[in-house]
Amino acid sequence: MVEATSNLTPSQRYAASALLAIALNQAQISQTKPLGISNTDHGGDNGGSEHGVTSGGDSVPQDEDLWVHEVSGLLRPVFRCLQIDSSAWHGIEEIAASSPAKPHIGALIKLLSDDDGSGDMVEKETALAKAAEAMVQGIQQGSVSVEAKKEKHLEYENECREKYSLPEAQSGAADKETLSHGEDVAKDSAHNPEIVEDGKPVEEAALLSHERKISVLYELLSACLADKHEDKEECTRSRKGYDARHHVALRLLATWLDIQWIQMEGVETMAACSAMALQKSGGKEEESLSPESEWDKWKRGGIVGAAALTGGTLMAITGGLAAPAIAAGFGALAPTLGTLVPVIGASGFAAAASAAGTVTGSVAVAASFGAAGAGLAGAKMARRTGEIEEFEFKAIGENHNQGRLAVEILVAGFVFKEEDFVKPWEGLTSNLERYTVIWESKNIIAVSTAIQDWLTSRVAMELMRQGAMYTVLSSLLAAMAWPATILVAADFIDSKWSIAIDRSDKAGRLLAEALRKGLQGNRPVTLVGFSLGARVVFKCLQALTETEKNAEIVERVVLLGAPISINNENWRDVRKMVAGRFINVYATNDWTLGVAFRASLLAQGLAGIQPVCIPGIEDVDVTDMVEGHSSYLWKTQQILERLELDNSYPVFRNTL
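Residues numbered from 1 in each chain as written. Predicted model: local features only at pLDDT ≥ 70, side-chain atom pairs only at ≥ 80, totals over all residues. Heavy atoms only, no water.

In the annotation of an unreviewed UniProt entry, the protein is listed under the name Transmembrane and coiled-coil domain-containing protein 4 and assigned to Brassica campestris. In UniProt, the protein has this text filed under Sequence similarities (unreviewed entry): "Belongs to the TMCO4 family." Of the protein, the UniProt comment under Subcellular location (unreviewed entry) reads exactly: "Membrane". (UniProt positions renumbered as here; feature names shortened; annotations may be inferred.)

K.L.:
Just checking my understanding: could you explain the overall build of the protein for this structure?
P.N.:
The helix and strand tally for the protein stands at 23 helices and 7 strands. Per-residue burial for the protein yields a buried fraction of 60% across its 656 residues. Within the protein, residue pairs in contact and separated by at least 24 positions form 81% of the contacts whose partners lie at least 6 positions apart. As displayed, the protein has an accessible area near 24300 Å², and 51% of this comes from carbon and sulfur atoms. (Helix = DSSP H or I, 4+ residues; strand = E, 2+ residues; numbered from the N terminus. Buried < 20%, exposed > 50% of the residue type's maximum accessible area, 1.4 Å probe, protein only. Contact = heavy atoms within 4.5 Å. Areas by Shrake-Rupley, 256 points an atom, 1.4 Å probe, with all protein chains shown as cover.)

K.L.:
Hey, could you run me through the environment of S209 in this one?
P.N.:
Relative to the helices and strands, S209 resides in the loop between α7 (181–189) and α8 (210–226). Here the alpha-carbon distance between S209 and E125, two residues 84 residues apart in the chain, equals 9.7 Å.

K.L.:
What is the right way to look at the layout of surface pockets in this model?
P.N.:
The probe, sized like a water molecule, is rolled over the atoms to show the empty space still left. The volume enclosed by the largest pocket comes to roughly 990 Å³. Taken together, 33 residues make up the lining of the largest pocket; nearest its centre are W261, T429, E644, L645 and D646. Looking at the lining of the largest pocket, the elements with two or more residues in it are α5 (119–142), α6 (146–164), α9 (244–256), α10 (261–281) and α23 (632–643). Across the lining of the largest pocket, the residue classes tally to 12 nonpolar, 9 polar and 12 charged. Looking at which domains feed residues into the lining of the largest pocket, each of domain 1 (1–35 + 62–166 + 205–229 + 238–281) and domain 2 (379–643) gives three or more. (1 Å grid on protein atoms, 1.4 Å probe; cavity = no way out; pocket = protein on both sides within 12 Å on 5 of 7 lines; lining within 4 Å. Points joined across faces, edges and corners; volume = space filled by probe spheres on them. Nonpolar A, V, L, I, M, F, W, Y, C, P; charged D, E, K, R; others polar. Domains from an automatic or database assignment.)

K.L.:
It is not clear to me how α8 should be interpreted in this structure. Could you clarify?
P.N.:
Side chains three or four residues apart in an α-helix point the same way, a direct result of the helix having 3.6 residues per turn. For α8, built from 17 residues, the straight-helix expectation of 24 Å at 1.5 Å per residue is met to within 8% by its first-to-last C-alpha distance of 24 Å. Burial within α8 is extensive, with 14 of its 17 residues counted as buried. (Expected span 1.5 Å × (residues − 1).)

K.L.:
Would you explain the pattern of salt bridges in this entry?
P.N.:
Pairing of side chains with opposite charge becomes possible as their charged atoms draw close. Counting across every chain of the model gives 24 salt bridges. Linking R212 and E125 is a salt bridge whose minimum nitrogen-to-oxygen distance equals 2.4 Å. Taken as a pair, R212 in helix α8 and E125 in helix α5 lie far apart in primary sequence, 87 residues in all. A relative accessible area of 4% means that R212 is categorised as buried. (Salt bridge = Lys/Arg side-chain N within 4 Å of Asp/Glu carboxyl O.)

K.L.:
Even after reading the chapter, I still don't get helix α19 (residues 532–544), so can you show me in this structure?
P.N.:
When the terminal C-alpha atoms of α19 are compared, their 18 Å separation across 13 residues agrees well with the 18 Å that a helix rising 1.5 Å per residue should span. In terms of burial, α19 is a largely internal element, 13 of the 13 residues being buried.

K.L.:
Which parts of the structure should I look at to understand the side chain of N550?
P.N.:
Structurally, the position occupied by N550 is in the loop between α19 and β5 (554–560). If we skip the residues at most four places from it in the chain, N550 touches T236, R245, K576 and M577.

Laid out in structure tokens, this is it:
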């Protein structure tokens, strides 16, 4: 029966599905108009026509590029998992594509608040919420102290400042007053009646208990992951797993429901444990189970994982191998957990525990999320493209083998020693599973050192003293002639810079290849890069446009100090590869980047020193924070913290 497979009533499951559909459509709109930015009609002139986003009305969405279209493969499997009557599917898709969205959101949340008076429902919701809270506590306890991270990063910052800061940059750059991006957003969002207020929950969210919100998000997430797709259905999705577009939609929905993202991360880890319990507990007997029983096991398995976490253990499901100690911990807890979750039972749970300690068992579970072999950790892709000699992923942070359902890949591009590929990222407090890329270190160190050597030369220091560098960028943008001494400097840098640009373009293709092959597992990816690393990220996205039809893989992108032309690159096509926020961080005083990349400046613009002004891309001016190009080594962490990437809306805080 339906009641055995979901803790929600039929009307509540309908409302939850419709809310997910609306969130998907709003997320797609944000690709051409960031959420919270002033716009009078989200169905009209928001740039959404490029995606076929129309005002909807009473007609079924016709454009197959729409995320809410039936062939997207994003909604119909969810409807099927939640056992929504097929006669209602078209109606939900119509609601999702209609405008304005806010009245629908409020009405659907009210529908979620209706109770059936069942004490069993309340009991189950309470158990689920407690399990999620256990997950959150585990995430928080497993993290290295924020204070310790900041102290370590401060040491690195002081070391870098002493070595690489320039005398002229140490004074005056921070005096420039600029209107922050955050202030822009706050000002503009007030004039937009069609979108939920900037970063705030909707009023009707107060009608729902915390337990109900967690139950809704957990069932929606599980439905997204279960992939109840029928072979006969036409579908534009090319891979199973956790689609980046689902992730963005759930992030937005959590905002509407006033649920902090770390709580949703706890729910995601529960879903990971559910996958483990489902795969490990049934054996051959599971083949005879009805779909309802399988769904019930999937949902309740999360409680198993949460209970195991309270015992200090957690299954690995995302590409790494489960340690024998984890299996032992699960085995010890099996009798207790078997009574807590009768649907799996002590014997089934013990079987899951024993299988988890084996290589074959762990890989089988990892495969359910698309992770190939040992995943990204230590993966080397050298000598596969052109002249690339070095390209390797290095795991950083403490979030590995912890059931994280999202990945972050970080790419440094202005470094003076190999540790600079890693240290700029170590202080981040993200709960994502994180990796940095070690790539072409010989060439990147060579060009960074050449630039720094010239900057500290007698000629350059004299130019700085005379204030000549302050006119470099304005001269570039105005296509004016340069002082001869600066032209000589540019020639000195050119050969090494040209090689570095070529290698970064090829490294970008390697990164795209890794993502297409699913080395990260079929989990949403956040890409962040500074300097030439930002170019690697951009060229990765550009390579993805050649084979990918939509934003299945990449959820968010941040480019900092990017040596990328504005008018000579396909920014709009690249933007379509990113499901969520896409941010260009620039500094108008970064004349070092201007000198190095001057060839593209005269007529084409440069993303690292000016806004790209592309619909759907957030341009963030950090001139008041960045002293020079090398500052990204130690300032990137602070910039990322101010961007608050877990927020669905454009944010850049003035202070931390």
